[in-house]
Amino acid sequence: DVKVTQSSRYLVKRTGEKVFLECVQDMDHENMFWYRQDPGLGLRLIYFSYDVKMKEKGDIPEGYSVSREKKERFSLILESASTNQTSMYLCASRQGAFNEQFFGPGTRLTVL
Amino acid sequence: KNQVEQSPQSLIILEGKNCTLQCNYTVSPFSNLRWYKQDTGRGPVSLTIMTFSENTKSNGRYTATLDADTKQSSLHITASQLSDSASYICVVEGSSNTGKLIFGQGTTLQVKP
């Protein structure tokens, strides 16, 4: 079974802090994704990566950056957390376009 | 603009009853349509994936249909159980090589005893 894990289920940070969200997948997938999910807005794509050291902006990249130094790991970075970044963050991976996308359990981030 | 619209936004049914969730999309060109189930506080889990040549696919008590001409899909749940209480998300993938996914806002289903 494909497994996508995220470093924390719940996280509470203060405004202005630097926040790291880690995601690891164990199936050697090429593509990895970061989404945020908010009530009434559905899932929105923040960033994605086709391969190691490659990244592409999604629909809402402002205030975020990403890092993919190893194929299995994709990190989302909030350089200076703000209250409007309070959300559920979901990581996903898949082998390539048109293949099934597998999601992690999510990290619920609260920024105070 | 590529969009995926789901209805109803929320639904309450009694255990054992059937229900149907709707999904309309305007994504073009189209590659495939997926239905995901998301339990509260969890990540989405895939139920079905259909390409334009498939018009029905089942996964246990879940049956998805697709009409690529009218750009509509439905998810039918038979003999509902309490564990079916979740959000159901319709996702459409375009056929460009980026394979970008367009997500619907989801239908929240509550099954009551």
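Note that the structure is a prediction, hence the values are computed from the model and not measured.

Asks: How should the interface of chain B and chain A be read in this particular structure?
Replies: Where interface size is given, it is often the accessible area lost as the parts come together that is meant. Taken together, the contact pairs 24 residues of chain B with 20 residues of chain A. Note on chain B versus chain A: buried area summed over both sides is about 1,600 Å², and carbon and sulfur give 51% of it. Per-residue buried area on chain B facing chain A is highest for Pro44(B), Phe103(B) and Gln105(B); these three make up 26% of the total on that side. Our count for the chain B to chain A interface comes out at one salt bridge. For the salt bridge of Arg94(A) with Glu93(B), the shortest nitrogen-to-oxygen distance reads 3.1 Å. The tally of links from chain B across to chain A stands at nine residue pairs in polar contact (both at pLDDT 80 or more). Every element with two or more residues in the side of chain B that touches chain A is listed here: strand 4 (30-38), strand 5 (45-51), strand 9 (86-94) and strand 10 (101-103) of chain B. Here the side of chain B that touches chain A is composed, by residue class, of six nonpolar, 14 polar and four charged.

Asks: Would you take a moment to explain the sheet that holds strand 3 (residues 19-25) of chain B for this structure?
Replies: Adjacent strands of a sheet form backbone hydrogen bonds with each other and so pair up, either parallel or antiparallel. All names here are of chain B. Spatial ordering of the open sheet is given by 1-3-8-7-6, a layout of five strands whose pairing is antiparallel. Each end of this open sheet is capped by a strand with a single partner; those strands are strand 1 (4-7) and strand 6 (56-59). Taking each pair of neighbouring strands and ignoring which way they run, the sheet shows an average axis angle of 15°. By the bridge criterion, six bridges tie strand 7 (residues 62-67) to strand 8 (residues 72-77) in an arrangement that is antiparallel. The residue bridging Asp67 from the neighbouring strand is Gln72, located in strand 8.

What counts, and at which threshold
Residues numbered from 1 in each chain as written. Chains lettered and ligands numbered in written order. Predicted model: local features only at pLDDT ≥ 70, side-chain atom pairs only at ≥ 80, totals over all residues. Heavy atoms only, no water. Contact = heavy atoms within 4.5 Å. Buried area = accessible area lost by both parts, 1.4 Å probe. Salt bridge = Lys/Arg side-chain N within 4 Å of Asp/Glu carboxyl O. Polar contact = N/O pair within 3.5 Å; in protein donor to acceptor, adjacent residues only side chain to side chain. Helix = DSSP H or I, 4+ residues; strand = E, 2+ residues; numbered from the N terminus. Nonpolar A, V, L, I, M, F, W, Y, C, P; charged D, E, K, R; others polar. Pairing = 2+ DSSP bridges. Axes fitted to C-alpha atoms, helices over the stretch in contact; angles between N-to-C directions.

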